[in-house]
2 protein chains.
Amino acid sequence: MKLGIYGYGNIGRGVEVACLQNKDVELAAIFTRRDKNTVKSILGNKVYSTSEAKDFKDKIDVMVACGGSATELPTMTVELAKDFNVIDTFDTHANILEHFNNVDKAAKENNHVALISCGWDPGMFSLNRLYANVLLPNGKDYTFWGRGVSQGHSDAIRRIKGVVDAKQYTVPIKSVVDRIKNGETPDLTTREKHTRECFVVVEDGADKNKIEQEIKTMPHYFDEYDTTVHFITLDELKKNHSGMPHGGFVTRTGTTGKDNEHKHTITYDLKLDSNPEFTSQAIVAFARALYKESQRGTKGCLTTLDIRPRDLSPKAYDEILKTIV
Amino acid sequence: MKLGIYGYGNIGRGVEVACLQNKDVELAAIFTRRDKNTVKSILGNKVYSTSEAKDFKDKIDVMVACGGSATELPTMTVELAKDFNVIDTFDTHANILEHFNNVDKAAKENNHVALISCGWDPGMFSLNRLYANVLLPNGKDYTFWGRGVSQGHSDAIRRIKGVVDAKQYTVPIKSVVDRIKNGETPDLTTREKHTRECFVVVEDGADKNKIEQEIKTMPHYFDEYDTTVHFITLDELKKNHSGMPHGGFVTRTGTTGKDNEHKHTITYDLKLDSNPEFTSQAIVAFARALYKESQRGTKGCLTTLDIRPRDLSPKAYDEILKTIV
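Residues numbered from 1 in each chain as written. Chains lettered and ligands numbered in written order. Predicted model: local features only at pLDDT ≥ 70, side-chain atom pairs only at ≥ 80, totals over all residues. Heavy atoms only, no water.

Novice: Tell me what's going on with helix H5 (residues 151-158) of chain B, and back it up with residues and numbers.
Specialist: Residue and element names in this part refer to chain B. Among the residues of H5, those classed as buried are His153, Ser154, Ala156 and Ile157. On an axial view of H5, the arc spanned by its buried residues comes to 160°, and they lie on one face. Looking at the buried side of H5, the elements it contacts are strand E8 (148-149), strand E9 (163-172), strand E10 (194-202) and helix H8 (208-216). (Buried < 20%, exposed > 50% of the residue type's maximum accessible area, 1.4 Å probe, protein only. Helix = DSSP H or I, 4+ residues; strand = E, 2+ residues; numbered from the N terminus. Arc of directions from axis to C-beta. Contact = heavy atoms within 4.5 Å.)

Novice: Quick one: what's the story with the interface of chain A and chain B, residue by residue and with numbers?
Specialist: Counting residues at the interface gives 69 residues for chain A, matched by 69 residues for chain B. Summed over both partners, the interface of chain A with chain B buries about 6100 Å², with 63% contributed by carbon and sulfur atoms. When residues of chain A are sorted by the area they lose upon contact with chain B, Leu135(A), Ile324(A) and Val325(A) head the list and together hold 11% of the total. For the pair chain A and chain B, the interface holds 2 salt bridges. Close ionic contact of Asp306(A) with Arg310(B) constitutes a salt bridge, the shortest N to O distance being 2.8 Å. Taken together, chain A and chain B are joined by 33 residue pairs in polar contact (both at pLDDT 80 or more). When residues of the side of chain A that touches chain B are traced back to their parent elements, those giving at least two are helix H3 (96-109), helix H4 (124-135), strand E12 (246-256), strand E13 (262-272), helix H10 (275-295) and helix H11 (317-323) of chain A. Here the side of chain A that touches chain B gets 11 residues from one element, more than from any other, and that element is E13(A). (Buried area = accessible area lost by both parts, 1.4 Å probe. Salt bridge = Lys/Arg side-chain N within 4 Å of Asp/Glu carboxyl O. Polar contact = N/O pair within 3.5 Å; in protein donor to acceptor, adjacent residues only side chain to side chain.)

Novice: An account of the sheet that holds strand E14 (residues 300-302) of chain B is requested, with residue identities and associated values reported.
Specialist: Residues and elements named next belong to chain B. Strand order in the open sheet formed by 7 strands is E3-E2-E1-E4-E5-E6-E14, with parallel pairing between adjacent strands. Looking at which strands have only one partner, the edges of the open sheet turn out to be strand E3 (47-49) and E14. Averaged over all adjacent pairs, the angle separating strand axes in this sheet is 25°, with direction ignored. Examined bridge by bridge, strand E1 (residues 2-6) and strand E2 (residues 26-32) share 5 bridges and lie parallel to one another. Counterpart to Lys2 in the pairing with E2 is Glu26. Lying over the sheet, helix H3 (residues 96-109) contacts strand E5 (86-88), strand E6 (113-115) and E14, oriented at roughly 140° with respect to E14. (Pairing = 2+ DSSP bridges. Axes fitted to C-alpha atoms, helices over the stretch in contact; angles between N-to-C directions.)

Novice: Account for the relation of the copies chain A and chain B, naming residues and giving values.
Specialist: Expressed as a screw operation, the relation of chain A to chain B combines 0.0 Å of axial shift with a rotation of 180°, fitting to an RMSD of 0.0 Å. Here the two chains are linked by the operation of a two-fold rotation axis. When the interface residues of chain A are mapped onto chain B, 100% of them are again interface residues, pointing to one common binding face. (Least-squares fit on C-alpha atoms with pLDDT ≥ 70 in both.)

Novice: Account for the pairing of E2(B), with residues named and values stated.
Specialist: The element E2(B) is largely enclosed, with a buried count of 5 among its 7 residues. Crossover connection from E1(B) via helix H1 (residues 10-21) of chain B to parallel E2(B): handedness right-handed. (Right-handed = clockwise from strand over helix to strand, strands pointing away.)

Novice: For the sheet that holds strand E9 (residues 163-172) of chain A, give the residues involved together with the corresponding values.
Specialist: Residues and elements named next belong to chain A. Strands sit in the order E8-E9-E10-E11 across an open sheet of 4 strands; the sheet is mixed. With one partner strand each, in any of the chains shown, strand E8 (148-149) and strand E11 (226-231) form the two edges of the open sheet. Here helix H8 (residues 208-216) sits on the sheet and contacts E9, strand E10 (194-202) and E11; the angle it forms with E11, its principal contact strand, is near 150°.

Novice: How would you sum up the state of the cysteines? Please name residues and give values.
Specialist: Tallying each qualifying case throughout the model produces 0 disulfides over all chains. With no disulfide of its own, Cys19(A) lies 11 Å from the sulfur of Cys66(A), the closest cysteine sulfur. (Disulfide = S-S within 2.5 Å.)

Novice: Any details on the nonpolar core? Residues and values, ideally.
Specialist: Ranked by internal contacts, the top residues of the largest apolar core, which has 157 residues, are Leu3(A), Ile87(A), Phe286(A), Leu3(B), Ile87(B) and Phe286(B). Once you skip the residues sitting within four places of it in the chain, Ile87(B) turns out to touch Val62(B), Met63(B), Val64(B), Ala65(B), Leu115(B), Cys118(B), Ile283(B), Phe286(B), Ala287(B) and Leu290(B). (Core = buried A, V, L, I, M, F, W, Y, C linked by side-chain atoms within 4.5 Å.)

Novice: Explain the pattern of salt bridges to me, using residue names and the numbers behind them.
Specialist: Residues and elements named next belong to chain B. Considering all chains together, one arrives at 52 salt bridges over all chains under this definition. Note that Lys140 is salt-bridged to Asp187, the shortest N-O span being 2.4 Å. Pair noted here: Lys140 is in strand E7 (residues 139-145) and Asp187 is in the loop between helix H6 (174-181) and helix H7 (190-193), with a separation of 47 residues, a long-range link. Assessed through its relative accessible area of 26%, Lys140 is described here as partly exposed. Across the pair Arg147 and Glu197 runs a salt bridge whose closest N-O atoms are separated by 3.2 Å.

Novice: So what about the side chain of Asp306(B)? Which residues, and what values?
Specialist: Of note, Asp306(B) is situated in the loop between E14 and helix H11 (317-323). For Asp306(B), a relative accessible area of 6% gives the class buried. Here Arg310(A) takes part through its side chain, which lies 2.8 Å from a polar atom of the side chain of Asp306(B). At a separation of 2.4 Å, a polar atom in the side chain of Asp306(B) contacts the side chain of Tyr317(A). Contact partners of Asp306(B), with chain neighbours within four places excluded, come to Arg308(A), Arg310(A), Tyr317(A) and Glu293(B).

Novice: Run through the packing of aromatic side chains, naming residues and quoting values.
Specialist: Per the counting criterion, the structure on display carries 19 aromatic pairs over all chains. An angle of 75° between the planes, with centres 5.6 Å apart, marks the rings of Phe100(A) and Tyr317(B) as edge-to-face. One end of the pair, Phe100(A), is in helix H3; the other, Tyr317(B), is in helix H11, on a second chain. Comparing Phe100(A) with Tyr317(B) shows no difference in burial state: the two are buried. Between Phe31(B) and Tyr48(B) the ring centres are 6.0 Å apart and the planes differ by 40°, which places this aromatic pair in the tilted class. With Phe31(B) in strand E2 and Tyr48(B) in strand E3, this pair connects stretches of sequence that are 17 residues apart. (Phe/Tyr/Trp six-rings, centres within 6.5 Å; stacked < 30°, edge-to-face > 60°.)

In short, geometric facts, not functional conclusions.
This is how it looks when you write it as structure tokens:
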């Protein structure tokens, strides 16, 4: 399978490295939206300009759309679906159905197959919410994230006047997590599930009190959470907060039995040193399955929920039956 | 979808009750291998003799083969595949490929579709081993079971001369579990992963020392484990050990990055009050997907790894995209 990387940021680099672990996957080309002469691939692969991508129409089996969900992917994936089979990491949960329909139309009109919202949430967490819901129809779901860096929240802080750089950690509240993992099913407000911890570097002479207030009251991002703000130096930020760890868990507790007398708890838990690299591993596995779907003649848009798990593996089915099942 | 239950033991009863939670599933008939006049369904459904099953060929969409993996399912599922679409819980891991091939042949020759090895292990644990392996090709797997009742080990003790009844708990060793959930990847012997705890009722005057020795040295079942034997009364057994709790977890830790510098841990964890009822919930969900496959014209044998997750749900795809993904 020949993979293309369209957009060379954290995910693009992650996919490039993930190809090393998947011997059946060949990296066909990396495309950057920046000046290609200023971009060096971490593994020394050649970097092309995105304007050259159309020349690779017949040389790429699946193109990975690497862009932000807020402004880039809604058009990038749709455009790419006209020329390629395409996979993306679109993660704005509220707009997934709309994005699905747009990509579906473009892919069908151009005889391609696409897969959106790959990664861990959406992605592996979506799969686990689905499995848990069908196993325990009579139950209650929880999703917790962290402790980990939220790129979106870090970006939101960086846009505040006077802020030089920032990292924001989403932190699940341990006492609540313990109750839920033990099968309790409380009703929880947003504030009762997670706290937010911010490490912020400001310009000399900036008004720290004002910035702290601006962070803590930011609608959607922080106003519904208990937020802590730490002002640190740029050196401290680089030294202690340069990683991109993340993770979290999905859990569902439900009952079975004639009188609902038996309780069951299903938990799927991820601890990730590198959010973009784990996401990239998922992209490569689902791209493999997408390529198989394309070979079967499937057209239009799919999600992780459409993929037969066996298609994710490069191994022969006999071997899977002997070693995995 | 019309479901048939073939064999009315713990799983048969579980499937009968699980139909209550799945409004799109109708219980067509329960079949027993015993004298049907002596068997009462827990929900008051009519019970037929297995000899009458063939009369239901056109009235059942999916038949659930409820039998033991050691001696019953290898022939029961194959025979049922001649007349029905069929699902089973075959769980002898070493023989899954052989069973798959036998069921596949019978199903294909008779234009049916079958699904074997449904439940939680094999079943949900198989799925999670597969997902974790494709996400982290460079990693190491662990599967732990318990604390829970092993039916097979309890049966093995009951076959010893002088034993009236027994329950055996499989117990994961907590110190090792904690290390593994924290991402360590030790090499472990069988003895280092689980202990076995037995509650045994013996006949009056039986030689307890001899029975204890016989249990502890039983090949395959106990000889490779640290085993504890408690002799108790029949009343105590009934009062304290009549449930069928189980569970366990599958975990995989692996590395990503140019120099494998990032570590990731994926854990899927189940806590089950009733092993047979949870297994039955899985059967009903996968039977739904199997019925959809049969409507598409799929023939032959499948496993949980062949099933598109979305097919497990009775919900419309738009609703799934909005609420689950």
